[in-house]
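Now for the letters of each chain:
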Amino acid sequence: MKTIKIGFAPTRRSIFSAPDAIKYANLTRERLKELGVEFVDITDINEEGLLYQESDRIKIREKFQREGVDGLFFPHCNFGTEFECARLAKEMGLPVLLWGPRDERPDENGVRLRDSQCGLFATGKVLRRFRVPFTYVTNCRLSDPEFERGIKTFLGVCSVVKTFRNIRILQIAPRPQDFWSTMCNEGELLEKFNVQLAPIPMPELTAEMQRVKAEGVEVPETVTYCQSCMNVKIKDDELENVAALKVAMKNLAAKNGCNAIVIQCWNQLQSEIGIMPCAANSLLNEEGIPTVCETDIHGAITALMVEAASLNDTRSFFADWTVRHPDNENGELLQHCGPWPLSVAKEKPSITYPLAFDHPGSVAAEAKHGLITLARFDGDNGEYSLLLGNAKGIDGPYTMGTYLWVEVENLKRLEAKVVEGPYIHHCVGIHEDVVPVLYEACKYIGVKPDLYDDNEEQVKAYLRGE
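Remember, predicted model here, so these are calculated numbers, not experimental data.

### Examining the packing of helix 7 (residues 202-215) against helix 9 (residues 236-255)
At a minimum axis distance of 8 Å, the contact between helix 7 and helix 9 shows a crossing angle of 115°. By the angle class used here, helix 7 and helix 9 are roughly perpendicular. The two elements helix 7 and helix 9 meet at a crossing, and its hand is right-handed. Residues E204, L205, E208, M209, R211, V212 and K213 of helix 7 lie in contact with helix 9, whose contacting residues are E240, N241, A244, L245, V247, A248, M249, N251, L252 and K255.

Laid out in structure tokens, this is it:
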């Protein structure tokens, strides 16, 4: 959670109790600290540490911009000043979280001190007028589990939005000629989402491989790491090429300021260096640099989003939907030649030969079972959406490469969504339930969430705190 910084702007309105608003602002500060949330406070803006007047709002905006906050949190410590919240939110252009503490029983004279829930109703309406998307945590106590859940979900949302708005992908060579399904509209991605591509030709990669081999530092270290973490079933010179490829790709990504990589995979690469890139991809994925096969730009975007939803604590894996389970009507095989990160495997992986190619450099291992989120960002004809839902790992027949048999709620419904599009046979999985985070993040990035489980109301209920 330390990777995300929240702008904390508790608010009040003058006709309600200022002392009680100050009290609840301070209690909220302490609760955020207990939860390990990093936030930028406004106690230096005025002596109350609250947002309620225009002159302070301008100072708060300047401070939040200077500190580089990733989202805004408006606790309504009494009714709150809705138009000041809306103005600040509009100017900042960041994810917004609304919440107010549940009011106590009116006193013996019928006096109420805060009316926080009523203020949430007002602010929600004004934010809509300003066309500002927002998230809210249900009106609850600081000690309620709904509060902690809502804060953690919002941090994940901020992480996805922050990542999505700053995507730059290293593209190594064009897509394989046969893979028309992985074509993308580079100009449209830039215009709509500021997704930037940094294309380089294959010779630039091979030249960097020769350079890092000659340098003789990182390549031997990577070879040693592979020998310690995997069963190596390829020749020494082939393993050296795997290590050199990994180091070269990482260097080129850093040189071009990229946070993800896509690579052509086949066949020219094999003519140049004699290996498959799968194991090198696996090593980069393990380090938190999503690296995707077959020049699948949309796949790399998906991987960045999914890992951001987990606050980058869990590694994702890039997979093909391949064949149905021979015995389970809702079972499906997720598989690829071997780019999955090592931490996904339930057994010690091997560097070996892939299923469909003669060249070495694939990783082979079954992935861990358990609850999984599966997702796919994709689009065509100017419209983009995010397919997402859950699955669970199940037993199934052995197959080559990195693989996992999964069961979904309704495979026929999922199959129809993938076939009818705009999706393809690629997806990204992660061993966490980040469906609610991704669903909520979509409202901030202009992407339509598309749930393949028939559970939109359940996801909304989770986000409400039910």
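### Structural notes on the sheet that holds strand 2 (residues 38-40)
Pairing within the open sheet is parallel, and its five strands lie in the order 2-1-3-4-5. Of all the strands in the sheet, the pair left with one neighbour each is strand 2 and strand 5 (135-136). Note: strand 4 (residues 96-99) against strand 5, two bridges, orientation parallel. Residue pairing in the sheet places L97 in a bridge with T135 of strand 5. Across the face of the sheet, helix 1 (residues 18-34) comes into contact with strand 1 (5-8), strand 2, strand 3 (71-75) and strand 4 while running at roughly 175° to strand 1.

### Quick word on the environment of E329
By the secondary structure assignment, E329 is in the loop between strand 11 (316-324) and strand 12 (331-336). The exposure class assigned to E329 is exposed, which follows from its relative accessible area of 55%. For E329 and V408, which are 79 residues apart along the polypeptide, the C-alpha to C-alpha distance reads 9.4 Å. Discounting chain neighbours no more than four positions away, the residues touching E329 are R324 and L411.

### Some details on the packing of aromatic side chains
Overall, the coordinates contain 12 aromatic pairs when judged by the stated rule. Taking the centre distance of 5.6 Å and the plane angle of 80° together, the rings of F179 and W266 count as edge-to-face. With F179 in the loop between strand 6 (168-172) and helix 6 (186-193) and W266 in the loop between strand 9 (260-263) and helix 10 (268-273), the pair connects residues that are 87 residues apart, well separated along the chain. Like W266, F179 is buried. Here the guanidinium or amino end of R12 rests over the ring plane of Y52, the centre of that ring lying 3.9 Å away. Over the ring of Y462 we find R149; its NZ or CZ atom is 4.3 Å from the centre of that ring.

What counts as what
Residues numbered from 1 in each chain as written. Predicted model: local features only at pLDDT ≥ 70, side-chain atom pairs only at ≥ 80, totals over all residues. Heavy atoms only, no water. Axes fitted to C-alpha atoms, helices over the stretch in contact; angles between N-to-C directions. Helix = DSSP H or I, 4+ residues; strand = E, 2+ residues; numbered from the N terminus. Parallel < 35°, antiparallel > 145°, perpendicular 65-115°, else oblique. Left-handed = near helix turned anticlockwise from the far one by under 90°. Contact = heavy atoms within 4.5 Å. Pairing = 2+ DSSP bridges. Buried < 20%, exposed > 50% of the residue type's maximum accessible area, 1.4 Å probe, protein only. Phe/Tyr/Trp six-rings, centres within 6.5 Å; stacked < 30°, edge-to-face > 60°. Lys NZ or Arg CZ within 6 Å of the ring centre and 35° of its normal.

Read these as layout, nothing more, since geometry by itself doesn't imply function.
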